[in-house]
Each structure stands twice: as structure tokens, then as C-alpha cells.
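Here is how the chains run, residue by residue.
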Amino acid sequence: MKRILVIGSLNMDMVIEMKRMPVVGETVLGTQVSYVPGGKGANQAYTAAKLGGKVKMLGCIGKDDFGEVQKSNLTKCGVDTDDLKRVKEQGTGMASIYVDERGDNTIVVVPGANLECNISYLKEYDKALEECDYVILQMEIAGEAIYYAINRAKELGKTIILNPAPVPDSLPDEIFSKLDYITPNETELMKLCGKEGGSMKDYAEGARELLKRGVKNVLVTMGKKGALFVNREKEELFPARKVSAVDTTAAGDCFNGAFVVALAEGRELDEAVMFANAASSIAVTRNGAQTSIPAREEVEEILAEMAVHAAS
Ligand code: RIB
């Protein structure tokens, strides 16, 4: 099993469930509040470890109870958290998540300690980059740290996956050619390539635009529409499994974490995407971020069912 390094955010999610989202200026009554460990980086690390990956995480938390909960949740799941940094200047990142009865969500993140995940911290833990095979990053930590880590990982010959979420207005031009995989959702893809449109043709064109900028492989996650893979040799739509979603929070993180585990196990690309699709199809049927991540056996069971279905 190859080693996976996740560099990213850790947040405590305050999840508020409601029938429908408020519009600007409106107050609505919620039905439930819960606190769930989240953060895109932590969710991906948690998923990768829960699904059997050898995972280490670099990131920053505060010296508060939320930081402690984050660290112990990841550690219990098998993530190497030894080099997570506890900072005293900032509190652990927080996310306020609204989930409506259709399972859709809106999220506001206050990064807090995540912004201390900067170049000097990454330089201090360079060994983690040296020792891994796959590096996966998202965009909830300091931008300079993301670009530094990508450049350094490239220098070291690692396989690099960027999940561009939350999506910035643009990425520095020189970054694209360093990426082995970029995994935006449809909205993130269109923003990154500066195009408009909402059809599969638009997404395929958008993905090809990112290839032109130098990315090797583009994997667009499209929720119930499935995942679209595009590289110079092929373009393929991997349909999603039909399920009743109750909460889509962290579905993308689950997809990314599962995808990197499958790659680290040496699976073929098609199999890796199907594995990730199966994992995230389970995550959307459960509430919360890390609380929604399935076990390996559950994913294998779904894959077996899908294989029987495809053969009949
Ligand atoms: O992708 C879901 C995650 O986004 C949540 O866990 C929240 O913390 C934000 O980072």
C-alpha cells in the first residue's frame, strides 16, 4: 500500500437542519443542531484511512476542545496525526452548515487555525512530503501553502491531486502543469476555466480547457449525474448509483478520499472512479461530514451489487 499525505483543513461543523433554507433577511426555525468533525482536509483523510489507506495528515487546529475532538477522531480512525500543529493564536476552524429537507446544503467556513497551515509549517514537516507517494490537497488553508506544497511535491516526484474546493477565482498558471489529477465539481470547474454553461458538453469542454493548461487528468464530480473523467486519451462518464440523499455534506470529500485510496492500492483508473462513486453514494444517505463516511465492507458490498446489476 502506497502512502497518502493529506494537507488541509480541519473544522468543527455546526450543522443546522431545517425544512428549507432562509432567504436573505428571513428567519426560519431549524429542527436540529449537531456538532460534527469536518473540514475538507480532515474529511478526506478520515475517508482514506477508514477505507484502508495508509494516511498522514498535515494541518492546524487550535488549543481548544474542538481541536482535541478533531485530532482524536482522526487518530481513532487510523490517520497519523503526530504532526498536526496546535496553535495558540487561533481557534480550531469552524463551519456553519445549513441542511434542508432535500439534503442540499450551504456552508460558511471560518478558517481560524487552518490559516496557520503555512509555508513555514510545511517546511518544518518536509519529511512528511518526502515519505509519501500521493499528496492530496483542497483549498481551505493558506493559498501560499497550497502552491508551495504542490511545487515541493512535484520536485519530489509525488503524485498530486488537487480538489479545488472552495474554488478560488483563479489558480496560478504554473500550478496546472504540476497536477496529476484535479477534481472539481461542476461549479468549480466552470469557474476555473472561466466558461459558462451547465451541460455535459460544457463540462467536457471545461475539462479539456484545464488539460490545455497542463493538468494531466480531470475528474469532475457531478453528484447524482456521476463523475466525468477526461484526459488526453479518453473521456468517460461514470454514472452515479441512484440513492435518496439526506445530506450531501462531505460527499465530495468522501469521493476524493476513496479515489486516492483506490489509486494508492494500484487500482486501474476506471475501478478507482467506481470505488469513489460507490463510497460517496453511501455518504449522501447519512448525516454530517465524518459521520457519513462508510466502512470498506459497505463500499465493497455496493460494488458487488453494481457488478451483478451491470451483468444482468
Ligand atoms: O466538504 C464539506 C466540508 O466543508 C465540511 O465538513 C466543512 O467543514 C467544510 O470544510
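The coordinates are above.
Residues numbered from 1 in each chain as written. Predicted model: local features only at pLDDT ≥ 70, side-chain atom pairs only at ≥ 80, totals over all residues. Heavy atoms only, no water.

1. Quick word on the environment of Met200
Inspection of the secondary structure puts Met200 in helix α8 (residues 200-212). Considered as a pair, Met200 and Lys225 are 25 residues apart in the sequence and their alpha carbons are 9.4 Å apart. Setting aside anything within four residues of it in sequence, one finds Met200 in contact with Met222, Leu228 and Leu237. (Helix = DSSP H or I, 4+ residues; strand = E, 2+ residues; numbered from the N terminus. Contact = heavy atoms within 4.5 Å.)

2. Some thoughts on the site of the ligand
The ligand sits among 14 residues. The nearest are Asp13, Gly39, Lys40, Glu140 and Asp253. Here Lys40 contributes a side-chain N or O atom positioned 2.9 Å from an oxygen atom of the ligand. Within the contact set of the ligand, an oxygen atom lies 2.7 Å away from a side-chain nitrogen or oxygen of Glu140. If the ligand stood free it would expose 280 Å²; the protein chains cover 97% of that surface. Of all the secondary-structure elements, those providing two or more residues to the shell around the ligand are β2 (11-18), α1 (40-50), β7 (93-99) and β8 (105-110). When the residues that make up the shell around the ligand are grouped by side-chain class, the tally is 6 nonpolar, 4 polar and 4 charged. (Near = heavy atom within 4 Å. Polar contact = N/O pair within 3.5 Å; in protein donor to acceptor, adjacent residues only side chain to side chain. Areas by Shrake-Rupley, 256 points an atom, 1.4 Å probe, with all protein chains shown as cover. Nonpolar A, V, L, I, M, F, W, Y, C, P; charged D, E, K, R; others polar.)

3. Description of the pattern of salt bridges
Taken as a whole and judged by the stated rule, the model has 26 salt bridges. Across the pair Lys56 and Asp80 runs a salt bridge whose closest N-O atoms are separated by 3.3 Å. Taken together, the positions of Lys56 in strand β4 (residues 54-58) and Asp80 in the loop between α2 (65-76) and β6 (85-87) put the pair 24 residues apart, joining distant regions of the chain. Judged by its relative accessible area of 15%, Lys56 falls in the buried class. Classification of Asp80 as partly exposed rests on a relative accessible area of 28%. One connected set of salt bridges, linked through shared partners, spans Asp126, Glu130, Arg152 and Glu155. (Salt bridge = Lys/Arg side-chain N within 4 Å of Asp/Glu carboxyl O. Buried < 20%, exposed > 50% of the residue type's maximum accessible area, 1.4 Å probe, protein only.)

4. Side note on the environment of Ala113
Tracing the backbone shows Ala113 in the loop between β8 and α3 (119-124). Expressed as a C-alpha distance, the spacing of Ala113 and Val284, which sit 171 residues apart in the sequence, is 28 Å. Every residue in contact with Ala113, bar those within four places of it in the chain, is listed here: Cys60, Ile61, Gly62, Val87, Gln90, Gly91, Thr92 and Gly93.

5. Looking at the packing of α1 against α2
Across the interface, α1 lies against α2 with an axial gap of 9 Å and an inter-helix angle of 20°. Considered as vectors, α1 and α2 are oriented roughly parallel to each other. Where α1 abuts α2, its residues Ala42, Ala45 and Tyr46 lie against Gln70, Asn73 and Leu74. A per-class count over the contact of α1 with α2 returns 4 nonpolar, 2 polar and no charged. (Axes fitted to C-alpha atoms, helices over the stretch in contact; angles between N-to-C directions. Parallel < 35°, antiparallel > 145°, perpendicular 65-115°, else oblique.)

6. Focus on the sheet that holds β7
Strands sit in the order β3-β2-β7-β8 across an open sheet of 4 strands; the sheet is mixed. With one partner strand each, in any of the chains shown, β3 (30-38) and β8 form the two edges of the open sheet. Put simply, the sheet's adjacent strands are angled 15° from each other on average, direction ignored. Bridge count between β2 and β7: 7 bridges; the pairing is parallel. Residue Asn11 lies in a different strand from β7, and its bridge partner there is Gly93. Across the face of the sheet, α2 comes into contact with β2, β3 and β7 while running at roughly 65° to β3. (Pairing = 2+ DSSP bridges.)

7. Observations regarding the sheet that holds strand β13 (residues 227-231)
Overall, mixed pairing links the 8 strands, which are arranged β4-β1-β9-β10-β11-β12-β13-β14 in an open sheet. For this open sheet the edge positions go to β4 and β14 (235-238), each flanked by a neighbour on one side alone. When β13 meets β14, the two strands line up antiparallel, connected through 4 bridges. Residue pairing in the sheet places Ala227 in a bridge with Phe238 of β14.

8. Overview of α8
Structural remark: α-helix, 3.6 residues per turn; residues separated by three or four positions point the same way. Over its 13 residues, α8 runs 18 Å from end to end, which matches the ideal 18 Å to within 8%, given 1.5 Å per residue. Of the positions making up α8, those classed as buried are Asp202, Tyr203, Ala204, Gly206, Ala207, Glu209, Leu210 and Leu211. Close packing links the buried residues of α8 with α6 (173-176), β11 (181-182), α7 (186-193), β12 (217-221), β13 and β14. Count one or two residues on from α8 and you reach Gly214, which has phi positive near 125°. (Expected span 1.5 Å × (residues − 1).)

9. Structural notes on the side chain of Lys158
On the secondary structure map, Lys158 appears in the loop between α5 (143-155) and β10 (159-162). The side chain of Lys158 is buried and forms no salt bridge, while Asp133, the nearest opposite charge, is found at 5.5 Å. Sequence-distant contacts of Lys158, defined by excluding residues within four places in its chain, comprise Leu129, Glu130, Cys132, Asp133, Val135, Ala153 and Asp180. (Lys, Arg positive; Asp, Glu negative; His and termini not counted.)

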